[in-house]
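# Structural overview
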Amino acid sequence: MTNNQNPTPEELYESYLQGTCNAEEKRLVEDWYNQISAISTKEQVPEVDYDRLRDAIWNQLPPVKQIEIERPGRRIFSPLRIAIAASLLICGGLVTYQYALKDSPAGIHNDPAAATILPGRNKAYLTLSTGQRILLDDSSTKNIQDQGGIEINKTADGQLTYTIDDQGQSDLPKTAAVNKIEIPKGGQYQLILPDGTKVWLNSSSSLKYPASFATLKERKVELFGEAYFEVKHQDNMPFKVISGTHEIKVLGTHFNVMAYPEEQAIRTTLLQGSVGISNGAYSMKIKPGEESVSSGKTKQIAVEKADLEKAMAWKNGRFEFANSELPEIMRQLSRWYDVTIDYRLTANPGKFGGGISKDQTLEEVLKLIEGNGICHFKVEGRKVVVLP
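Fair warning: this is a prediction, and the values are worked out from it, not measured in the lab. (Residues numbered from 1 in each chain as written. Predicted model: local features only at pLDDT ≥ 70, side-chain atom pairs only at ≥ 80, totals over all residues. Heavy atoms only, no water.)

This part covers the overall build of the protein. For the protein, the count of helices and strands is 8 helices and 25 strands. Residue burial in the protein is summarised as follows: out of 388 residues, 48% are buried. Restricting to contacts in the protein with at least 6 residues of sequence separation, those with at least 24 account for 53%. Only carbon and sulfur atoms are counted for the fraction: they give 48% of the accessible area of the protein, which is about 18,800 Å². (Helix = DSSP H or I, 4+ residues; strand = E, 2+ residues; numbered from the N terminus. Buried < 20%, exposed > 50% of the residue type's maximum accessible area, 1.4 Å probe, protein only. Contact = heavy atoms within 4.5 Å. Areas by Shrake-Rupley, 256 points an atom, 1.4 Å probe, with all protein chains shown as cover.)

Structure follows, in structure tokens:
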């Protein structure tokens, strides 16, 4: 943050949360919060003029860095709302949500006896080639299984690793055993494949892969859902990701694949290296910063400029909604919080944008969305009803 002479409110709060801002920036954030709290108790915050608010708050503070606010467009979290929401998260509930929700009189209706719906966590199921199914979570044991010279371990930070010892190398069968890791709703997990490739798996996803690549001519895995890959480079052994009829071929690179069947297309986003993509009818390559979009209806593959922040948000612990339809937003919440969605809207509310940490409870996220007046929510057990 110290090299950025004009940070946005989002950037400054993110720096504060990560502990990377300097003492002056930290004081600015905390003073900003105190000033907003004081103003919000006197008047309805959504009605405050942005120019007057800037003059009343930022210009009162010692000029460490002046922060300019643009008038918001159609965003779930406008700059002012981001300031309020982030302040609430930083200060751990020192104030209530009331002033952030004054334009949402209906509020979220919950069953008083219902439990708070917490965010997802490290959780997965590992199925070995023998058919044995093992739960992987924070309480599972470190040493999982030994598969004929291949040792499987779970690290303290929720990561599955495969290790082949020198003696075990000679004992490996010619046909590698196939393992499968499944991530349920409300889960996520990390995996280091036997070749050193790192994989992050999102909720409602699964990956089938060989327990060893040593006797194979290519490294091939099968993906359902969404995953981010950091593929270990091997010149003479390509790495392939198969998702339905979609095939991604690389030698060594970093990329994200989103292939949920309920979404409209399979998206492959490239961060580093080179990727070849084919679906039986079309094939092409994409460059870093690009994204391939393959529609199940047309079978065509389009190449677009990637929104890397949005594509990688799930791995980085955030929701980023950029030009997103409400159903898309709710599908993400459904997978992460393990809830079902019941739509009762009478009209399409349009597209929206904004972002929030995935560490928040479902109710906290719904309140922030509802605060824009898009819709209202009713939570019934593990069902979220979306109301006009």
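Below, the discussion takes up the pattern of salt bridges. Under the defined criterion, the tally for this structure stands at 15 salt bridges. A salt bridge links Glu 263 to Arg 331; the nearest nitrogen and oxygen atoms lie 2.8 Å apart. Of this pair, Glu 263 sits in the loop between strand S15 (254–259) and strand S16 (265–272) while Arg 331 sits in helix H7 (residues 326–337), and the two are 68 residues apart along the sequence. Owing to a relative accessible area of 14%, Glu 263 belongs among the buried residues under this scheme. Here Lys 383 ties to Asp 342 by a salt bridge, and the two come within 4.0 Å at their closest N and O atoms. Here Lys 383 is found in strand S25 (residues 383–387), whereas its partner Asp 342 is found in strand S22 (residues 340–343), with 41 residues between them in sequence. The structure contains a network of salt bridges with shared partners spanning Asp 342, Arg 344, Lys 378, Glu 380 and Lys 383. (Salt bridge = Lys/Arg side-chain N within 4 Å of Asp/Glu carboxyl O.)

Of the voids in this model, the largest pocket is the one considered here, and its volume is about 900 Å³. As for the largest pocket, its lining consists of 37 residues, and the residues nearest its centre are Met 258, Arg 267, Lys 310, Glu 328 and Gln 332. Those elements that place two or more of their residues in the lining of the largest pocket are S15, S16, strand S19 (290–295), strand S20 (301–305), helix H6 (308–312), strand S21 (318–325) and H7. (1 Å grid on protein atoms, 1.4 Å probe; cavity = no way out; pocket = protein on both sides within 12 Å on 5 of 7 lines; lining within 4 Å. Points joined across faces, edges and corners; volume = space filled by probe spheres on them.)

A separate point is the environment of Ser 129. As for its position among the elements, Ser 129 is in the loop between strand S3 (124–127) and strand S4 (133–136). The exposure class assigned to Ser 129 is partly exposed, which follows from its relative accessible area of 44%. For the pair Ser 129 and Ala 211, spaced 82 residues apart in sequence, the C-alpha separation works out to 8.7 Å.

Bringing H7 into the picture now. An α-helical turn contains 3.6 residues, so any two residues separated by three or four positions project in the same direction. Across its 12 residues, H7 extends 16 Å between first and last C-alpha, which sits within 8% of the 16 Å expected from 1.5 Å per residue. Burial analysis of H7 places 9 of its 12 residues in the buried class, which makes it a mostly covered element. Every buried residue belonging to H7 is among Leu 326, Glu 328, Ile 329, Met 330, Leu 333, Ser 334, Arg 335, Trp 336 and Tyr 337, and all of these are buried. In the segment just after H7, Asp 338 is the residue with positive phi, at about 55°. (Expected span 1.5 Å × (residues − 1).)

Ranked by size, the top nonpolar core spans 40 residues in total, and within it Leu 160, Ile 181, Leu 207, Tyr 209, Phe 229 and Phe 255 carry the most contacts. Among the elements that take part in this core, strand S12 (residues 219–230) stands out by supplying 4 residues, more than any other. Those residues within four positions of Leu 207 in sequence are excluded, and the remaining contacts are Asn 179, Lys 180, Ile 181, Leu 191, Val 199, Leu 201, Val 221, Glu 222, Leu 223 and Phe 229. Core analysis: the next-biggest nonpolar cluster, separate from the first, contains 23 residues, Leu 333, Ile 356, Ile 374 and Val 384 among them. (Core = buried A, V, L, I, M, F, W, Y, C linked by side-chain atoms within 4.5 Å.)

Here the focus is the packing of aromatic side chains. One pass over the structure, following the stated rule, counts 6 aromatic pairs. Centre to centre, the rings of Tyr 162 and Tyr 209 are 5.6 Å apart; their planes meet at 90°, and the pair counts as edge-to-face. One end of the pair, Tyr 162, is in strand S7 (residues 159–164); the other, Tyr 209, is in strand S11 (residues 205–210), and 47 residues separate them in sequence. Each member of the pair, Tyr 162 together with Tyr 209, is buried. Through pairs of rings, three or more aromatic residues link up here, namely Phe 229, Phe 239 and Phe 255. Between the NZ or CZ atom of Lys 315 and the centre of the ring of Trp 200, over which it lies, the distance is 4.6 Å. (Phe/Tyr/Trp six-rings, centres within 6.5 Å; stacked < 30°, edge-to-face > 60°. Lys NZ or Arg CZ within 6 Å of the ring centre and 35° of its normal.)

A few words now on the environment of Ala 227. Tracing the backbone through its elements, the reader meets Ala 227 in strand S12. When its relative accessible area of 0% is taken as the criterion, Ala 227 is described as buried. For Ala 227 and Met 258, which are 31 residues apart along the polypeptide, the C-alpha to C-alpha distance reads 6.7 Å. Ignoring anything within four residues of it in the chain, the contact list for Ala 227 reads Val 199, Trp 200, Leu 201, Phe 255, Asn 256, Val 257 and Trp 314.

On to the pairing of S25. Successive side chains on a regular strand alternate, one facing one side of the sheet and the next facing the other. Here S22 pairs with S25 via 4 bridges, running parallel. The residue bridging Ile 341 from the neighbouring strand is Val 384, located in S25. Pairing of strand S24 (residues 376–380) with S25 involves 5 bridges; the strand directions are antiparallel. Bridging from a neighbouring strand, Val 379 pairs with Val 384 of S25. What sits between the antiparallel neighbours S24 and S25 is a turn of 2 residues, in which Gly 381 has the positive phi angle 65°. (Pairing = 2+ DSSP bridges.)

Another point: the side chain of His 246. For His 246, the position within the fold is in strand S14 (residues 246–250). Relative accessible area serves as the criterion here: at 2%, His 246 is assigned to the buried category. With residues up to four places along the chain from it excluded, the contact list for His 246 reads Val 241, Ile 266, Thr 268, Ile 277, Ser 278, Asn 279 and Ser 294.

Our focus in this paragraph is the side chain of Glu 320. Along the chain, the position of Glu 320 falls in strand S21. Side-chain polar atoms of Glu 320 contact the side chain of Arg 318, separated by 2.8 Å. Beyond its immediate chain neighbours, meaning those up to four positions away, Glu 320 contacts Glu 309, Lys 310, Ala 313, Gly 354 and Gly 355. (Polar contact = N/O pair within 3.5 Å; in protein donor to acceptor, adjacent residues only side chain to side chain.)

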